[in-house]
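In case you want the letters, here they are:
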Amino acid sequence: MSAAASPSEIVTRLRESVADVRPRQVAAIPFALSEIDRRLADHGLDGAALHDIAPAAPSLSDDAAATLFIAGITARLAAAADTRVLWVVSRFDLYAPGLEQAGLPPGRILFAEGREDKDVLALMEDGLRHGALAAVVGEVRRADMTASRRLQLAADAGSTPAFLSRRWRRQGVCPLSELSAATTRWRIACAPSERLPAPGVGRARWTVELVRQRNGNPFSLLVEASDDTGRLALPAGAQHRAAPAAGATARAA
């Protein structure tokens, strides 16, 4: 540490160091889908950490897929803990029936709205430190490394998982290009549904890409979207593409 560092800066750095090395007391959150869980370092998501999720493209369909991916995870957490999820937005454009189809009914959600990203991040911190919520979700366009470290520390302090939904700000610049202290970083895209023998729309499918994870490797997988219990499924006979090249992943993470 620099001799010129202030006492508050020293305390902040020490807290960050401790958060990275001390053993976790919170169980991992499995997807209950072996194709994903066996590829995760802890066989599930860290239940006291920050996780970044972004749509693969700046489209309404990918944005909805990323939102429902988060909804499915938090729905299972809320049901298991019999409590609610705090969902913080800067503009209220969530579609309640869609969330309910992913297992997260209105009675399981506490909504909060912040005028700017900094307000959303502050509300997330408060919710995480409270420690009585199933999870905390926030939607932002920008959160720098300092902001992500604060969320990571708050998630650890409250033993509560944080899910940061990173929205696109500029065409051609992936939201995950910004540095982050998140334990996992995910990119979600819509994929074609299975053809049905009769006219209609089959169960939605997503390409779920884990861009980066602490102590583990990236991967990409084709899955069927969350059902009404928040669970993903594996398409029958699907051919899963390999994880992206390390160079491409590094650029995006």
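Source: prediction; values computed, not measured.

### Quick word on the pairing of strand β3 (residues 109-113)
Moving on, step 1. In this structure, strand β2 (residues 85-89) lies alongside β3, joined through five bridges in parallel fashion. If you follow Trp87 over to β3, its bridge partner there is Phe111.
Moving on, step 2. Crossover connection from β2 via helix α4 (residues 96-101) to parallel β3: handedness right-handed.

### A short note on unusual backbone geometry
Moving on, step 1. Despite not being glycine, Asp82 has its phi angle at roughly 50°, a positive value.
Moving on, step 2. You can see Asp82 is positioned in the loop between α3 (60-81) and β2.
Moving on, step 3. Unlike most non-glycine residues, Ser159 shows phi in positive territory, near 50°.
Moving on, step 4. Assignment of secondary structure puts Ser159 in the loop between α6 (145-158) and β5 (162-166).

### With respect to the pattern of salt bridges
Moving on, step 1. Within this structure, the stated rule accounts for 15 salt bridges.
Moving on, step 2. Between Arg166 and Asp52 there is a salt bridge, with its nearest N and O atoms 3.1 Å apart. Residue Arg166 is located in strand β5, and its partner Asp52 is located in strand β1 (residues 50-55); the two are separated by 114 residues in the primary sequence. Of the two residues examined, Arg166 and Asp52, each falls in the buried class.
Moving on, step 3. Through salt bridges with shared partners, a single ionic network connects Asp52, Arg142, Arg166, Glu178 and Arg185.

Conventions adopted
Note that residues are indexed from 1 along each chain, following the sequence as it is written. Selection of residues for local features in this predicted model requires a pLDDT of at least 70, selection of side-chain atom pairs for listing and counting requires 80 or more, and totals for whole chains, interfaces and linings are taken over all residues. Remark: hydrogens and water are excluded; side-chain values derive from all non-hydrogen atoms of the structure. Should DSSP find at least two bridges between two strands, the strands are regarded as paired. Helix and strand assignments follow DSSP, with helices taken as H or I runs no shorter than four residues and strands as E runs no shorter than two, numbered in order from the N terminus. Crossover handedness is defined by viewing with both strands directed away from the observer: a clockwise path from the first strand over the helix to the second marks the crossover as right-handed. Here, a salt bridge means any side-chain nitrogen of Lys or Arg that lies within 4 Å of a carboxyl oxygen of Asp or Glu. Burial classes: relative accessible area under 20% of the type maximum marks a residue as buried, over 50% as exposed, and values in between as partly exposed (1.4 Å probe, protein chains only).

Everything listed here is a matter of geometry and, on its own, says nothing about what the molecule does.
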